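Structural characterization, general
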Amino acid sequence: MSLAACDTPRPFQPSVAQRDVKAEVAHCVGGVLSPLLANIALSALDDHFDRQWQREMKTGGQRAKRRRHGQGNWRLVRYCDDFVLVVSGERRHAEALREEVSAVLAPLGLRLAPEKTAVLHIDEGFVFLGHHIRRQRKRGTSKYCVYTKPSKKAIQSIKDKVKVKTYRSTRHMGLDELILSLNRSLAGWANYFRHGASKATFCAIDSFVWERLMRWIRAKYAGKTELSMKELRRRFCDQGWRFAHNGVVFTGASSVAVTRYRCRGSTIPTPWTPKPAANS
């Protein structure tokens, strides 16, 4: 079969108004530039608290002296426009730091968002970058440890994604295609949270996904009679109750190993030179 060439090329899709193009470009560029602009602007905050640390709190002796005089010690932890000030001291020290941060940001034309700013005790816990960080008693001991786990919002987000993938509108897909899609989503989510105390959460997510997948299979492959659990295991499981089809095996979030993250503090390498090199 041959195709005749046309003198006048025809567009492959309807034309787009110029105002729509501008809006779309602005939306895309804004999404890319937001973290970059936050890093540039809030570097002033980094410098402010780093100078304080180097001058007043760098050594253990300096920090002990401040504690004896009723003063607090603190460090800034920041990622783009999200940051936490970790304070060793009293609540009044944290309240004073909030005013200090506002004073540093004011010349930059920035201000703290009241709905996202709070002074909390570590025993109450707080959410930072999708992680829930809280000090709790270690099970079976009297020792207290700080645990980092996926937040409720993060857990709900992956559950919602699984619900969309296993909804009845996806029953046209092959089982192997669905399992592969679920494995990719769960592995990506688990890789982000693998440096915390997340193993129990990963197992709970896998149980939830297994339940959704089981119902999806029974609904898709139900014939004149309902697909029994015994038949489901015989046809769609390979080892125990692990789902597998056409060589694709359900691995889930638990396949991602949990590894504790080694704290490097301010020694994380950067792609730039902090101080200009001396002229040779």
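Our subject is the structure that appears above.
Residues numbered from 1 in each chain as written. Predicted model: local features only at pLDDT ≥ 70, side-chain atom pairs only at ≥ 80, totals over all residues. Heavy atoms only, no water.

Counting 28 residues, the largest nonpolar core has Leu186, Trp189, Leu213, Ile217, Leu232 and Phe243 as its most contacted members. The greatest single-element share of this core, amounting to 8 residues, is contributed by helix H6 (residues 175–193). Setting aside anything within four residues of it in sequence, one finds Ile217 in contact with Leu175, Ala222, Leu227, Leu232, Phe236 and Phe243. Counting 12 residues, the second-largest nonpolar core is a separate cluster that includes Trp74, Leu76, Leu97 and Leu112. (Core = buried A, V, L, I, M, F, W, Y, C linked by side-chain atoms within 4.5 Å. Buried < 20%, exposed > 50% of the residue type's maximum accessible area, 1.4 Å probe, protein only. Helix = DSSP H or I, 4+ residues; strand = E, 2+ residues; numbered from the N terminus. Contact = heavy atoms within 4.5 Å.)

Turning next to the packing of aromatic side chains. If you walk through the whole model with that rule in mind, you get 6 aromatic pairs. The interplanar angle of 50° and the centroid separation of 4.9 Å between the aromatic rings of Trp189 and Phe193 together place this pair among those described as tilted. Of the two residues, Trp189 and Phe193 both sit in helix H6, 4 residues apart, roughly one turn of that helix. Take Trp189: its relative accessible area is 10%, and that puts it in the buried class. Pairing Trp189 with Phe202 gives two aromatic rings, centres 5.9 Å apart and planes at 65°, and the pair type is edge-to-face. Residue Trp189 is located in helix H6, and its partner Phe202 is located in helix H7 (residues 199–220); the two are separated by 13 residues in the primary sequence. As far as the burial class goes, Trp189 and Phe202 line up, both buried. (Phe/Tyr/Trp six-rings, centres within 6.5 Å; stacked < 30°, edge-to-face > 60°.)

As defined by bridge partners, strand S4 (residues 131–137) adjoins strand S5 (residues 144–150) across 7 bridges and the pair is classed as antiparallel. Paired with Arg134 across the bridge in S5 is Tyr147. From the end of S4 to the start of S5, which pair antiparallel, there are 6 residues, and Gly140 there has a positive phi angle of about 85°. (Pairing = 2+ DSSP bridges.)

One non-glycine residue, Leu129, adopts positive backbone phi at about 55°. On the secondary structure map, Leu129 appears in the loop between strand S3 (126–128) and S4. A positive phi angle is found at Asn246, which is not glycine, with a value near 55°. Here Asn246 shows up in the loop between strand S6 (244–245) and strand S7 (248–249). Judged by its relative accessible area of 61%, Asn246 falls in the exposed class.

Looking now at H6. For an α-helix, 3.6 residues make a turn, and residues three or four places apart therefore share a direction. With 19 residues, H6 should cover 27 Å at 1.5 Å per step; its first-to-last C-alpha distance of 27 Å lies within 8% of that length. Within the sequence span of H6, burial applies to Leu175, Leu178, Ile179, Ser181, Leu182, Asn183, Leu186, Trp189, Ala190 and Phe193. (Expected span 1.5 Å × (residues − 1).)

For the rest of this paragraph, the subject is the packing of H6 against H7. Running from amino to carboxyl end, H6 crosses H7 at an angle of 165°, the nearest separation of the two axes being 12 Å. Taken together, the axis directions place H6 and H7 in an arrangement best described as roughly antiparallel. The handedness of the crossing between H6 and H7 comes out as right-handed. Note on element contacts: H7 touches H6 through Thr201, Phe202, Ile205, Asp206, Val209, Leu213, Trp216 and Ile217, opposite Leu175, Leu178, Ile179, Leu182, Leu186, Trp189, Ala190 and Phe193. (Axes fitted to C-alpha atoms, helices over the stretch in contact; angles between N-to-C directions. Parallel < 35°, antiparallel > 145°, perpendicular 65-115°, else oblique. Left-handed = near helix turned anticlockwise from the far one by under 90°.)

Another point: the sheet that holds S5. A sheet is described by the order of its strands in space; here 3 strands give the open sequence S3-S4-S5, paired in antiparallel fashion. Each edge of the open sheet is held by one strand with a lone partner, namely S3 and S5. Put simply, the sheet's adjacent strands are angled 30° from each other on average, direction ignored. As judged from the 3 bridges shared by S3 and S4, these two strands associate in the antiparallel manner. Of the residues in S4, the one forming a bridge with Phe126 is Ile133.

The next subject is the pattern of salt bridges. Scanning the model with the defined rule gives 11 salt bridges in all. With its nearest N and O atoms 3.2 Å apart, the salt bridge here joins Glu56 to Arg55. When its relative accessible area of 52% is taken as the criterion, Arg55 is described as exposed. Among the charged side chains, a network of salt bridges with common partners joins Arg55, Glu56 and Arg66. (Salt bridge = Lys/Arg side-chain N within 4 Å of Asp/Glu carboxyl O.)

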